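An overview of the molecular structure
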Amino acid sequence: MADTPSDPASLAKALEDSRRESHELRSELEETNRGVLALYAELDAQAEQLREATALKSRFLAYMSHEFRTPINAIRSIARLMADGVDGPLTEEQHKQVGFIQTAATEFAEMVDDLLDLAKVEAGRVEISPAWFEMVDLFSALRGMFKPVLTNPEVNLVFEEPHGVPKLYTDDRKLSQILRNFISNALKFTPRGEVRVSATCVGDRVTFSVADTGIGIAPEFHQTIFEDFAQVKSPLQKRLRGTGLGLALSKRLAGVLGGMVDMQSEPGVGSTFSLTIPVRLEQPQDNG
Ligand code: ADP
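Remember, predicted model here, so these are calculated numbers, not experimental data. (Residues numbered from 1 in each chain as written. Predicted model: local features only at pLDDT ≥ 70, side-chain atom pairs only at ≥ 80, totals over all residues. Heavy atoms only, no water.)

1. So, the environment of Leu168
With respect to the element layout, Leu168 can be found in strand β3 (residues 168-170). On the accessibility criterion, Leu168 (0% relative accessible area) is buried. In this structure, the C-alpha to C-alpha distance between Leu168 and Pro130, residues 38 residues apart in sequence, is 9.2 Å. When residues no more than four places from it in sequence are discounted, the contact partners of Leu168 are Ala131, Trp132, Phe133, Met135, Leu175, Val206, Phe208 and Val279. (Helix = DSSP H or I, 4+ residues; strand = E, 2+ residues; numbered from the N terminus. Buried < 20%, exposed > 50% of the residue type's maximum accessible area, 1.4 Å probe, protein only. Contact = heavy atoms within 4.5 Å.)

Shown next, in the form of structure tokens:
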């Protein structure tokens, strides 16, 4: 234990020492405080810059994708006229080449649409139009949509009868967009077997699953698969490369519908992509 000074002179000195010490401590603390405040201000400024940059990026994406639409549509229309032989018949080789132009222009158009949608979601400018509808109707619409593209006889596209799923109140177009994306990916990466679409309801949430028996996704890509421009580096996945935006958009749209996406996959066995959303979409309160 430290000695306690007993005489008044030592006491006064000890008091003076501790006063000086506490003064030093206080000024040190004040300095630290000033530093923290400056750091906060800097962080605020950086966050603001980041917000501005994100807003600018979204606006740029929106303008750019919008501007791209006119020339792409022109290319597609002219290619269609050529393919239809409006200005005279084409040779077999010319048909093939015009076919390439059409495929490339369609892919480009899809990418532009995805970009525009992404920009809209990021800018918080997606309009949600919820309505009541039956799952059976959505499944039958999807079945009709995919019928013309089911060209591989070794793959079955199965829509399970949705049992116990009540009427939903959500934006059916956005829901359909997410499911279409899951299904077309599943068909793309499933050389044989089946792609099974199902819906189950637990409490006030409904989960849609698109399960395939395809090539699967290696574990190292599971974390990043829903990120913008994420693509898997395997030979088939590289060959069938799309834009890498579909899943990122699906994830964002799921958020807009108050839900979330998930994925399970095993290479060589298959993948299951799922979407869980509330049965009844709660509209954000308008306080304005
Ligand atoms: P893309 O336009 O490239 O298909 P997505 O965001 O939809 O973009 O998908 C990203 C990548 O995830 C795909 O390129 C593919 O490599 C992989 N992928 C998506 N779905 C599946 C699936 N069902 N089976 C295997 N790989 C998949």
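Moving on, there is more to tell.
2. As for the sheet that holds strand β2 (residues 155-159)
Taken in spatial order, the 5 strands make up an open sheet running β2-β4-β5-β7-β6, and their pairing is mixed. Both outer strands of the open sheet, β2 and β6 (260-266), are each paired with one neighbouring strand and no more. Averaged over all neighbouring strand pairs, the angle between strand axes comes to 15°, with direction disregarded. With 5 bridges joining them, β2 and strand β4 (residues 193-202) adopt parallel strand pairing. Looking across to β4, one finds that Leu157 is bridged to Val195. Strands β2, β4 and β5 (205-212) of the sheet are contacted by helix α3 (residues 135-146), whose axis makes an angle of about 160° with β2. Along the sheet face, helix α6 (residues 246-256) touches β6 and β7 (270-278) and points at about 140° away from the line of β6. (Pairing = 2+ DSSP bridges. Axes fitted to C-alpha atoms, helices over the stretch in contact; angles between N-to-C directions.)

3. Overview of the pattern of salt bridges
According to the stated counting rule, one finds 10 salt bridges in the structure shown. When the shortest N-O distance is used, the salt bridge between Arg19 and Glu16 registers 3.8 Å. Of this pair, Arg19 and Glu16 both sit in helix α1 (residues 8-83), 3 residues apart, which is roughly one turn of the helix. In this structure, Glu48 engages Arg51 in a salt bridge whose closest nitrogen and oxygen atoms are separated by 3.0 Å. Placement of both Glu48 and Arg51 in helix α1 is noted, with a separation of 3 residues, approximately one turn of the helix. Under the relative-accessibility criterion, Glu48 is labelled partly exposed at 36%. Each member of the salt-bridge network shares a partner with another, and the members are Lys13, Asp17 and Arg20. (Salt bridge = Lys/Arg side-chain N within 4 Å of Asp/Glu carboxyl O.)

4. Some thoughts on the environment of Thr276
Along the chain, the position of Thr276 falls in strand β7. In this structure Thr276 comes out as buried when scored by relative accessible area, which is 18%. Residues Thr276 and Ala131 lie 145 residues apart in sequence; the distance between their C-alpha atoms is 18 Å. Leaving out residues up to four positions away in the same chain, Thr276 has contacts with Arg205, Val206, Thr207, Gly259 and Met260. Engagement of the side chain of Thr276 in a polar contact is seen with the side chain of Thr207, the distance being 3.0 Å. (Polar contact = N/O pair within 3.5 Å; in protein donor to acceptor, adjacent residues only side chain to side chain.)

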